[in-house]
Protein chains: 2
Amino acid sequence: MAARKDGPSLWERLERPTPTPRQTLSPRRIAATAVAVADAEGLDAITMRRLATELGVAPMAAYRYVSGKDDLLELMVDHVYAELELPSGTAGWRETLREIALSTRRLMLRHLWLAQLPAGATLALTPNRTAVSERSLAALAEQGVDPDTAMAVAATVSSYTGGMTGAEIAMRQVMAGQGWSDEEEVYTSLAPQLTYLLDTGRYPAFKRYIFEGRRKKDPDWQFETGLEYVLDGIAARMTSSPPMSPRDDAVRREDETGRQDRHETEGS
Amino acid sequence: MAARKDGPSLWERLERPTPTPRQTLSPRRIAATAVAVADAEGLDAITMRRLATELGVAPMAAYRYVSGKDDLLELMVDHVYAELELPSGTAGWRETLREIALSTRRLMLRHLWLAQLPAGATLALTPNRTAVSERSLAALAEQGVDPDTAMAVAATVSSYTGGMTGAEIAMRQVMAGQGWSDEEEVYTSLAPQLTYLLDTGRYPAFKRYIFEGRRKKDPDWQFETGLEYVLDGIAARMTSSPPMSPRDDAVRREDETGRQDRHETEGS
DNA sequence: TCATCTTGTATACAACGTATCAGTAGTAGA
DNA sequence: TCTACTACTGATACGTTGTATACAAGATGA
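The structure reproduced in this document is the subject of the present report. (Residues numbered from 1 in each chain as written. Chains lettered and ligands numbered in written order. Predicted model: local features only at pLDDT ≥ 70, side-chain atom pairs only at ≥ 80, totals over all residues. Heavy atoms only, no water.)

Accessible area lost upon the coming together of the parts is a frequently used measure of interface size. The interface of chain B with chain A comprises 68 residues on the first partner and 68 residues on the second. Approximately 5700 Å² of surface area, both sides summed, lies buried where chain B meets chain A, with 66% of it carried by carbon and sulfur atoms. A per-residue breakdown of the area chain B buries against chain A is headed by Arg202, Arg208 and Tyr229 of chain B, which together make up 14% of the total. Listed by contribution, the elements that provide at least two residues to the side of chain B that touches chain A are helix H6 (119-122), helix H7 (127-142), helix H8 (147-178), helix H9 (192-199), helix H10 (204-212) and helix H11 (219-240) of chain B. In the side of chain B that touches chain A, the residues fall into 33 nonpolar, 19 polar and 16 charged. (Contact = heavy atoms within 4.5 Å. Buried area = accessible area lost by both parts, 1.4 Å probe. Helix = DSSP H or I, 4+ residues; strand = E, 2+ residues; numbered from the N terminus. Nonpolar A, V, L, I, M, F, W, Y, C, P; charged D, E, K, R; others polar.)

In structure tokens form, the structure reads like this:
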């Protein structure tokens, strides 16, 4: 502490690892690194300190770019939503919404930690997430659907998608933690909690599904079945009540919208 | 440290506050207390220490009853699901599923922290949560729906319900944090984040909703509209493909099922 | 050359979840 | 009535976490 104001000696200077090329950090790099860690080890591995070591930087360094951990999580969400491939644009509303739903599910399965986020964080209004909503709303507006209905429809599909996929991921992780195989010895190697529940006899219909369900191991079928229900229900209303003010001039062309020229956080 | 083995003196004994009536704790009391705190101050207020002081007990005391904080959260979830009023049983599947969805939404709005839980915890298989699934599955089985389809239907509705209500709660909290009033000065007092997004011009359909949406402040309408879509879509499939093996003997009566004689965590 | 801005670093702290162990009130045998 | 036992609660402590604050070193512009 004595030689503080004298500056470092020559030897100290020589020993200093690298003259730290400035600007080693950026929101992009931070997001990409955090996402890589979360993909590999789950959301619990995301720690400001862990992130710092992964970036090769002091624990507090990232705070120049994110105001705190919540910010970091938002950044991560936006970063991965840039991956989501949006349908090209000429298909009808139904095909558009369907493809967005399937893409979203694939995205969540690729980044399981998305399902571990508190419900609020998943819904944060980040640029790339908003682009997805925009695509859905635009497809509906093009059909002449009024804004309120369009939002209700889009919210319905995306709620279904998020909820269903979240449940699928939770189930997967329980099964992985339990070391289940792929076959039908479900009951014998059941999680103790579940065994207890079923044996109370209070859940016969649930039990029947566990024993007799054939599609238990087919999450694709489950997801797509439910998705068709939802889309069918929407379609019924769309055709029964004729579209209001089709080609309203307030409906912008969406060629100019969407994802080209995206926000900072992009690519991977 | 000297008089350790002599035991407390008479005066010490007299001074001891209460001779601690045994069994001050129980899972019920723990759950009820934790729920009360979370209801009043949000999930972040739930701390093992805070819980302990609220119970008037040492920080580690609760660990005799829950193995850790995750356990505590599960206990809380189960505790509040005991509140959920299940439909009485004679209505058709559609009315049953509809009422369960509405009840679930009301429950979540009463306990906003349910939406803050990581997606996995909300789906934990607790007795009272399973009772809700059971009720849906039973209503469908009674109609002769096979177990796989019944589960797909039930999962669809509950995914929709959880996702939609979670989004509603997140929105509410953003609005509350921003101090919005009830009227149409939406854009001027908009959250800065949202203002920025809209001004990029990349989200015209989204922007149109913000400016022209009439039902923005009507979450009941939004929820029920989407719910009808979902139920309509299910109904279409149910009638088009005739039920298989109606009154199959594997379909138990559900008079005996459901929620009477519930698990430990009950009431409030 | 010097002041200023930017960017990463060092240190520190309060709060958290929880392991461990000690104490103590009730119960059961003698 | 005494003693041993058991079930429960309390105290203490440790490692980790998010983050406030103050500082230093490279970059920049006069």
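Having seen the model, we can carry on.
The next subject is the protein's contact with DNA strand D. Surrounding DNA strand D, one finds 21 residues, the nearest of these being Met48, Arg49 and Lys69 of chain A together with Ala58 and Arg64 of chain B. Backbone sugar and phosphate groups make up 43% of those atoms of DNA strand D lying within 4 Å of the protein. Between DNA strand D and the protein, one listed contact pairs a base nitrogen with a side-chain N or O atom of Arg49 of chain A at 2.5 Å. One nitrogen or oxygen atom from the side chain of Lys69 of chain A is found 2.8 Å from a phosphate oxygen belonging to DNA strand D. Broken down by class, the residue content of the surface near DNA strand D amounts to 11 nonpolar, 3 polar and 7 charged. (Near = heavy atom within 4 Å. Polar contact = N/O pair within 3.5 Å; in protein donor to acceptor, adjacent residues only side chain to side chain.)

Moving on to the packing of aromatic side chains. Across all of its chains, the model carries 2 aromatic pairs over all chains by this definition. Cation over ring: Arg129 of chain B sits above Tyr81 of chain B, and NZ or CZ is 4.9 Å from the ring centre. (Phe/Tyr/Trp six-rings, centres within 6.5 Å; stacked < 30°, edge-to-face > 60°. Lys NZ or Arg CZ within 6 Å of the ring centre and 35° of its normal.)

This part covers the side chain of Asp78 of chain B. Residue and element names in this part refer to chain B. Along the chain, Asp78 falls in helix H4 (residues 69-81). The buried category is assigned to Asp78, whose relative accessible area is 3%. A polar side-chain atom of Asp78 sits 2.7 Å from the main-chain amide nitrogen of Asn128. (Buried < 20%, exposed > 50% of the residue type's maximum accessible area, 1.4 Å probe, protein only.)

Core analysis: the biggest nonpolar cluster contains 67 residues, and Trp93 of chain A together with Trp93 of chain B have the highest contact counts within it. Filtering out sequence-adjacent residues up to four positions away, Trp93 of chain A remains in contact with Ala139, Leu140, Gln143, Leu231, Ile234, Ala235 and Met238 of chain A. (Core = buried A, V, L, I, M, F, W, Y, C linked by side-chain atoms within 4.5 Å.)

Fair warning: the whole summary comes from geometry, so function is off the table for now.
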